[in-house]
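Topology and contacts: notes
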Amino acid sequence: MRNKDFELLAPAGNLEIFKGVIESGADAVYVGGSMFGARAYANNFTEDELLEAIDFAHLRGVKVYLTVNTLIKNSEFSKLYDYLLVYYKRGLDAVIVQDIGVVKAIHEYFPSLEIHTSTQMTVTGADGVRFLSQFGVTRVVMAREVSLAEMKRIHEETGMELEAFVHGALCYSYSGQCLFSSILGGRSGNRGRCAQPCRLPYTVEGKKDEYILSLKDMCGIKALDKLHDAGVYSLKIEGRMKTALYVATVARTYRKAIDDYLESPEKYQENMPWYLEQIKSCTYRQFTTGFFYGKPSEE
């Protein structure tokens, strides 16, 4: 790890992006394999690619987390052990899990493998964290509706390592638990096949092409000091389906912001215009801080 105060966690949809975000300063990278991932339409890693990625990362002191973050059917459980075994033997650092049954199974199959709960598990309080800790969970990814003040209280009451999304696309539904795609086109977001109908235009009260469900992107680069105070360790960038340029730019910018903040909070504030210029150069959406400071307004 580059420092003990923050982990910069970046996404990678393929091996090229994986190597790029490591070069851009990521401390850890999360990826999807051939099964059980919430981005079924991303260019997910083959077994050989993921094994190569683990070796590439570990030679550079970077960790690799595998997404196992869909709801798994009873008939699929028999495949879970064999799927994870090869990566476990290679030194996979952690799995990111949504399904509580999968959490229990992985803890039984691989008791030394770290388990991080997905934001889609919707953990919003200390009692939920304490419940999960009995199944070997070592990190909880906060539900996106949790404020910084609530994160701080959860960390202080439980001592659990916390992770929070700090940048990227937001889901219109509560922590991604949405049925809209399933209803509209039979593609379940909870099975990794969301068609993102919230990004489409709709006719509202006679007005055509109204993007009433399309949210702004999350941007927490101004909140590193508050995240640090809240006890959040891992800063997560969204984007396993984003381009290499986008992910590398965002990772590189957050890397500098983190390093500047840890060196000098004053330097971090002075360089804020540069961070924002870099971030804005790779997206067309406006930004929000989500629920960090409480319930968002209509803006």
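Predicted model only: the values in this text are computed from it and were never measured.

Rules and cut-offs
- Residues numbered from 1 in each chain as written.
- Predicted model: local features only at pLDDT ≥ 70, side-chain atom pairs only at ≥ 80, totals over all residues.
- Heavy atoms only, no water.
- Helix = DSSP H or I, 4+ residues; strand = E, 2+ residues; numbered from the N terminus.
- Buried < 20%, exposed > 50% of the residue type's maximum accessible area, 1.4 Å probe, protein only.
- Phe/Tyr/Trp six-rings, centres within 6.5 Å; stacked < 30°, edge-to-face > 60°.
- Pairing = 2+ DSSP bridges.
- Axes fitted to C-alpha atoms, helices over the stretch in contact; angles between N-to-C directions.
- Parallel < 35°, antiparallel > 145°, perpendicular 65-115°, else oblique.
- Left-handed = near helix turned anticlockwise from the far one by under 90°.
- Contact = heavy atoms within 4.5 Å.
- Nonpolar A, V, L, I, M, F, W, Y, C, P; charged D, E, K, R; others polar.
- 1 Å grid on protein atoms, 1.4 Å probe; cavity = no way out; pocket = protein on both sides within 12 Å on 5 of 7 lines; lining within 4 Å.
- Points joined across faces, edges and corners; volume = space filled by probe spheres on them.

Quick look at unusual backbone geometry now. Look at glutamate 205: it is not a glycine, yet its phi comes out positive at around 50 degrees. With respect to the element layout, glutamate 205 can be found in the loop between strand 8 (202-204) and strand 9 (207-210). If you check the backbone angles, aspartate 209 has positive phi at about 55 degrees while not being a glycine. As for its position among the elements, aspartate 209 is in strand 9. The exposure class assigned to aspartate 209 is exposed, which follows from its relative accessible area of 55%.

All told, the structure shown has twelve aromatic pairs when counted by the stated rule. Taken together, a centroid distance of 5.7 Å and an interplanar angle of 85 degrees make the contact between tyrosine 83 and tyrosine 87 edge-to-face. Residue tyrosine 83 and its partner tyrosine 87 are located together in helix 3 (residues 77-90), separated by four residues, close to a single helical turn. When the ring of tyrosine 261 is compared with that of tyrosine 268, the centres are 5.4 Å apart and the planes differ by 75 degrees; the resulting orientation is edge-to-face.

Here we come to the pairing of strand 11 (residues 232-237). In terms of residue burial, strand 11 counts as a mostly covered element, since six of its six residues are buried. Inspection of the sheet shows strand 1 (residues 7-11) paired to strand 11 by three bridges, in the parallel sense. Of the residues in strand 11, the one forming a bridge with leucine 9 is lysine 236. Pairing between strand 7 (residues 161-168) and strand 11: five bridges, direction parallel. Across the sheet, residue phenylalanine 165 finds its bridge partner in strand 11, namely lysine 236.

Where helix 2 (residues 47-59) contacts helix 3, the axes come no closer than 10 Å and their chain directions differ by 25 degrees. In terms of axis orientation, helix 2 runs roughly parallel to helix 3. Handedness of the crossing formed by helix 2 with helix 3: right-handed. Across from Glu47, Leu50, Leu51, Ile54, Asp55 and His58 in helix 2, the residues of helix 3 making contact are Val86, Tyr87 and Arg90. Across the contact of helix 2 with helix 3, the residue classes tally to five nonpolar, one polar and three charged.

Counting through the fold element by element, lysine 295 comes out in the segment after strand 12 (287-288). Lysine 295 sits in the exposed class, given a relative accessible area of 79%. Between the C-alpha atom of lysine 295 and that of valine 102, which follows or precedes it by 193 residues, the distance is 31 Å.

Below, the discussion takes up empty space enclosed by the protein. As enumerated under the stated definition, the model contains one cavity of 30 Å³ or more in all. Taken as a whole, the largest cavity encloses approximately 90 Å³ of empty space. If you go around the largest cavity, you meet 13 residues; those closest to its centre are Ala143, Arg144, Phe165, Met218 and Phe292. Of the residues assigned to the lining of the largest cavity, the class counts are ten nonpolar, two polar and one charged.

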